[in-house]
Every structure is written in structure tokens, then in C-alpha cells.
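One-letter residues, chain by chain:
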Amino acid sequence: VMVCSATIGPYKGRFLRSFASYVLNKVDIITLREEFSQNYLQVLGVNKPSVYLSADLAFLLEPDSDETISTILESINITPMNKPLIGIAPTAMMHPSLKRQQYIQLMAELSNFLIEDLNSTIVYITNTYQDKTITQSIYQEVKHKHKVRLLPAILSASEIKGIIGKCDIFICSRFHALVASTSLAVPSLGIVSYSKNKFHGVIGEMMGQKNYLLDIDDKFDYDWFFAELKLKVNDLWNNRDLVLKDLQEREKIVKEQVLLNGNLIKELVEYSL
């Protein structure tokens, strides 16, 4: 048994920690997608399996063809003339300190800011079906609806990744959408409202984008957060060429780390035979 490219914990309560330690010590191999999990296994007392630091499997997902992506964009009235194109992927997973309506207002105000200051076209990307309703609610609150497009919520992962790859910058509250954008070297800003260790371990440390992650935490203050968000967006926009080059270099290294999983699976199967 192999636990493949995982994030482990943190687990609340003595029982869950003990149970996790018992189960994980029964497997043969564990590969992890960030250093937090590697350190946390030591805290749990998991010392019997072979443990490797790899990377998230989703980095290997290929975007759909340019022809397919162009057809999808044309269907929502986006052409190469709609520049800059900024992708936004909201989330329905809220931090307890942030109310749903506050988040809707935050993303709508951010969209207005991007349209007014950068004359951008916004494309809202529903990365999971769970986010469809809140994405539509955000759209209803935006002032400049003629500059906003809604991507259909029925697209495949490879189609979504292809759309993200056409964006000049990407602003996202969903982890795997950020994996998609950074693996395509699209300058990205992550709004972290859940699974902080995963965002910071993979996107912050492994992809070197810790300056472009903004956490929603227990001390959340709307006015401060929105001001900080605008500052980070401007910084990302002004430095997008440097960020792109950095992501291109890191993406090559990370893909090699992901492929480690395939080699380990091959060895495990051959040993079992």
C-alpha cells in the first residue's frame, strides 16, 4: 500500500492522531507534496514506511488544445482583443471569521478595482461545482458586468487549465486552480481561506510564491484585507514578467519531483510480483 502525493494532518484530538499513526505505520511508502506533512509525520510517530517528498500530482495535468480553448473563449465572447484578461476562481469554503456575504462583496469590489484600474476583462472560473452558486452571486454584485464573463461550470479539468493558461494574471481561492496556474507560469495571487499548510507548502515554498499568498485568519479585518489585496495585485501586475520567469524554472523542477511517484509505484509493483 502506498499513500501517494499526500498532505497529512493536522488531526485534532488524541484519538485521531493515534489512529492516523497506527494506520500510516501499516503502509509501505508515503510520498508527500509539502514539507509540513513530512515534519508532521515525525510528530505522529510514523517511522515504519519509506517517506519521500515529491509534489502534487496535478502539476502533470496537461491543458486542452489551443483550438478547444479558443472555441470555449469565443463562446463567452472573449477574443484576443480582451486584454488584459484576468482570471478569478472563487471558493465556497469560507474561513469562520469571514461571512459569505463579506466574501461576495470582497470579490466583487476586487473585480471592480481590476476593471477600473487596469481596464481588464474578468473571467470567473468555477473550479469545482461547489463554487457555482457563490460565483454567480459575485457576478451579480459587480458594477461593470459588460467587462465580466462567466465560464460554464461543466468544463473538464484540462479545459479549465487551458482557460487559466490564457490569463495574464490569476487570482484564486482554490488550491488546485493555483496548481494549474503556477504550473503554466501564470502570475498568480492566492487568497487562502482553508488548508493553510497546503497552500503555503506547495504554492508558497515549492513554487516560491509566498509573497503572493494572502491569508484570511481569525484577525480578519475587511478594510485592511482589501487594501492589502489591492497592493498585492498591483505588485503582481507590475512584476508579472519576473514572476513568469521564476515559475517557468520552478515548474521544471516540480514536475521531476512528481515523476518520482511513478518510479516508486513501479518499484513497489515489481517487488510485490
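First things first, this report covers the structure right here in the doc.

Parameters at a glance
Residues numbered from 1 in each chain as written. Predicted model: local features only at pLDDT ≥ 70, side-chain atom pairs only at ≥ 80, totals over all residues. Heavy atoms only, no water. Disulfide = S-S within 2.5 Å. Buried < 20%, exposed > 50% of the residue type's maximum accessible area, 1.4 Å probe, protein only. Axes fitted to C-alpha atoms, helices over the stretch in contact; angles between N-to-C directions. Helix = DSSP H or I, 4+ residues; strand = E, 2+ residues; numbered from the N terminus. Parallel < 35°, antiparallel > 145°, perpendicular 65-115°, else oblique. Contact = heavy atoms within 4.5 Å. Nonpolar A, V, L, I, M, F, W, Y, C, P; charged D, E, K, R; others polar. Core = buried A, V, L, I, M, F, W, Y, C linked by side-chain atoms within 4.5 Å. Expected span 1.5 Å × (residues − 1). Arc of directions from axis to C-beta.

## So, the state of the cysteines
Next up, step 1: Applying the stated criterion across every chain yields a total of zero disulfides.
Next up, step 2: Its sulfur unpaired, Cys 167 is 11 Å from the next cysteine sulfur, which belongs to Cys 172.
Next up, step 3: Look at Cys 167 and you get buried, because its relative accessible area is 7%.

## Details of the packing of helix H3 (residues 66–75) against helix H6 (residues 157–165)
Each pair of packed helices gets described by two things: the angle between the helix axes and the distance between those axes.
Next up, step 1: Put simply, H3 and H6 touch, their axes get as near as 9 Å, and they point 75° apart. Accordingly, the angle class assigned to the pair H3 and H6 is roughly perpendicular. Between H3, through Thr 68, Ile 69, Ile 72 and Leu 73, and H6, the contact on the second element is made entirely by Glu 159, Gly 162 and Ile 163.
Next up, step 2: Residues belonging to the contact of H3 with H6 are distributed by class as follows: four nonpolar, two polar and one charged.

## Focus: the nonpolar core
Next up, step 1: The biggest cluster of nonpolar side chains holds 73 residues, and the ones touching the most others in it are Leu 110, Leu 114, Ile 125, Phe 170, Ile 171 and Leu 229.
Next up, step 2: The element contributing the most residues to this core is helix H4 (residues 100–118), with ten residues.
Next up, step 3: In this structure, Leu 229 is in contact with Leu 106, Leu 110, Leu 189, Ile 191 and Leu 214, ignoring residues within four places of it in sequence.
Next up, step 4: Within the second largest apolar cluster, eleven residues are counted, among which are Ile 8, Val 27, Tyr 40 and Leu 41.

## Overview of helix H9 (residues 222–238)
Next up, step 1: An ideal rise of 1.5 Å per residue puts 24 Å on 17 residues; H9 measures up with 24 Å between its terminal C-alpha atoms.
Next up, step 2: For H9, the complete set of buried residues consists of Tyr 222, Phe 225, Phe 226, Leu 229, Lys 232, Val 233, Leu 236 and Trp 237. Projected onto a plane normal to the axis of H9, the buried residues spread over an arc of 135° and lie on a single side. When the buried face of H9 is taken as reference, the exposed residues oriented beyond 90 degrees from it are Asp 223, Trp 224, Leu 231 and Asn 238.
Next up, step 3: Taken together, the buried residues of H9 touch H4, strand S7 (169–172), strand S8 (188–192), strand S9 (213–215) and helix H10 (240–272).

## Quick word on H10
Next up, step 1: In this model, H10 (33 residues) spans 48 Å end to end at C-alpha, consistent with the 48 Å of a helix rising 1.5 Å per residue.
Next up, step 2: By the burial criterion, the buried members of H10 are Val 243, Leu 247, Glu 251, Val 254, Val 258, Asn 261, Leu 264 and Leu 268.
Next up, step 3: Next to the buried residues of H10 lie strand S1 (2–6), strand S2 (29–32), strand S3 (50–53), helix H7 (175–183), helix H8 (196–206) and H9.

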